[in-house]
Amino acid sequence: MSKYWRRTLHVSLLADWKDPDCLTNVDITDMPQIEANRFGLALALCVLDYIPKAGRAVAEVGRTLKLGGTFIYWIQPYRIDHRLGSGTKVRSWQAYRDPDHVYGNAGESRACAGSSIPDCRFGPGAMAGWAKGAGLIPGIVRIRDHLSELSTVFHTAKKPHDPGLLR
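Computed from a prediction, not measured in an experiment: that's the story for all the values here.

Caption draft 1: A look at the pattern of salt bridges. The tally for this structure, following the rule as stated, stands at four salt bridges. Taking the shortest distance from any N to any O, the salt bridge between R79 and D49 comes out at 3.4 Å. Taken together, the positions of R79 in the loop between strand 4 (65–74) and strand 5 (88–92) and D49 in the loop between strand 3 (39–45) and helix 2 (54–64) put the pair 30 residues apart, joining distant regions of the chain. E60 serves as the salt-bridge partner of R63, at 2.9 Å between the closest nitrogen and oxygen. Pair noted here: R63 and E60 are both in helix 2, with a separation of three residues, about one helical turn. Given a relative accessible area of 27%, R63 falls into the partly exposed group.

Have a look at this one:
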């Protein structure tokens, strides 16, 4: 396993994990400190939810992907607003607050109130639009738990092996 992990880079938007291999306080929409064509896989769970210009973030992550690389990202389902089509709406720039029922942690929710973390909503077509706008191939992976009957959708953006394919 170590042959895979030593090539892993952890990027943190806010937290300082005291890890010398972790880049901290990174602007995911502009990451010049990370060279192009570096990663075969990038993963963002509950990250783009708070990025008003998420399309820029997808394009920047796409820049760091190797040819054939994949970016997998997950948007919390309650942030999808079907009335927005393929648009994005910032509900508040200074009042991020997840509903208490999302994680069951009212203390954490109250602690974030008044922070500068934006509260964003996205139309169902936004995710595919971000990928296409970045020259990536959009997709989804639906995972369904057959026991609970619940499912979730992960969005993907794949950098083509031949960048000319999308022209």
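Caption draft 2: Quick peek at helix 2. All of the buried residues along helix 2 are A54, A57, V58, E60, V61, G62 and T64. The secondary structure elements touched by the buried residues of helix 2 are strand 3, strand 4, strand 6 (119–122), helix 5 (126–133) and strand 8 (150–158).

Caption draft 3: Up close: the pairing of strand 4. Strand 4 sits mainly inside the fold: seven of its ten residues count as buried. Bridge count between strand 3 and strand 4: six bridges; the pairing is parallel. Its bridge partner lying in strand 4, L45 is registered against W74. This β-α-β element, strand 3 to helix 2 to strand 4, shows right-handed connectivity. Here four bridges tie strand 4 to strand 8, and the two strands are oriented antiparallel to one another. Following the sheet pairing, I72 is matched in strand 8 by T156.

Caption draft 4: Focus on the sheet that holds strand 4. Pairing within the open sheet is mixed, and its four strands lie in the order 3-4-8-7. Strands at the two margins of the open sheet, each flanked by one partner only, are strand 3 and strand 7 (137–145). Adjacent strand axes in the sheet meet at a mean angle of 20° when their direction is disregarded. Sheet strands touched by helix 2: strand 3, strand 4 and strand 8. Its angle to strand 4, the strand with the most contacts, is close to 145°. Strands strand 4, strand 7 and strand 8 of the sheet are contacted by helix 5, whose axis makes an angle of about 145° with strand 7.

Caption draft 5: Structural detail: the pairing of strand 8. Sheet topology note: the strand 7/strand 8 ladder contains nine bridges and is antiparallel. Bridge pairing links V141 to F154 in strand 8.

Caption draft 6: Fine view of the packing of aromatic side chains. Tallied over the full model, the rule gives three aromatic pairs. Seen from their ring centres, Y73 and W130 are 6.2 Å apart, and the 35° between their planes marks the pair as tilted. You can see Y73 sitting in strand 4 and its partner W130 sitting in helix 5, a full 57 residues away along the chain. The same class applies to Y73 as to W130, namely buried. These aromatic residues form a ring-pair network of at least three members: F71, Y73, F122 and W130.

Caption draft 7: Structural view of the nonpolar core. Core analysis: the biggest nonpolar cluster contains 26 residues, and L48, V58, F71, Y73, F122 and W130 have the highest contact counts within it. Secondary-structure elements contributing two or more residues to this core are strand 3, helix 2, strand 4, strand 6 and helix 5. Filtering out sequence-adjacent residues up to four positions away, L48 remains in contact with A54, A57, V58, F71, Y73, I75, F122 and W130.

Here is what the cut-offs are and how they apply
- Think of each chain on its own: its residues are numbered from 1, step by step along the sequence as written.
- Under the rules for a predicted model, residues below a pLDDT of 70 receive no local features and side-chain atom pairs below 80 are neither given nor counted, while totals for whole chains, interfaces and linings still include all residues.
- Think of the side-chain values as coming from all heavy atoms in the structure, minus any hydrogens and water.
- Whenever Lys or Arg places a side-chain nitrogen within 4 Å of a carboxyl oxygen from Asp or Glu, that contact is recorded as a salt bridge.
- What counts as a helix is a DSSP run of H or I of at least four residues, what counts as a strand is a run of E of at least two, and both are numbered from the N terminus.
- The classification of residues rests on relative accessible area computed with a 1.4 Å probe and restricted to protein chains. Under 20% of the type maximum is buried, over 50% is exposed, and intermediate values are partly exposed.
- When checking whether two residues touch, look at their non-hydrogen atoms; a contact exists if any pair is within 4.5 Å.
- Strand pairing requires that DSSP identify at least two bridges connecting the strands.
- Here, the term right-handed applies to a crossover whose path from the first strand over the helix to the second runs clockwise when the strands point away from the viewer.
- To get an axis, fit a line to the C-alpha atoms, keeping to the stretch in contact for a helix; angles then go from 0 to 180 degrees between the N-to-C directions.
- The pairing test for Phe, Tyr and Trp rings, Trp by its six-membered ring, is centres within 6.5 Å, and the orientation test on the planes gives stacked under 30 degrees, edge-to-face over 60, and tilted for anything in between.
- Residue types Ala, Val, Leu, Ile, Met, Phe, Trp, Tyr and Cys, when buried and joined through side-chain atoms within 4.5 Å, form a set referred to as a nonpolar core.

Distances and angles like these do not, on their own, reveal function.
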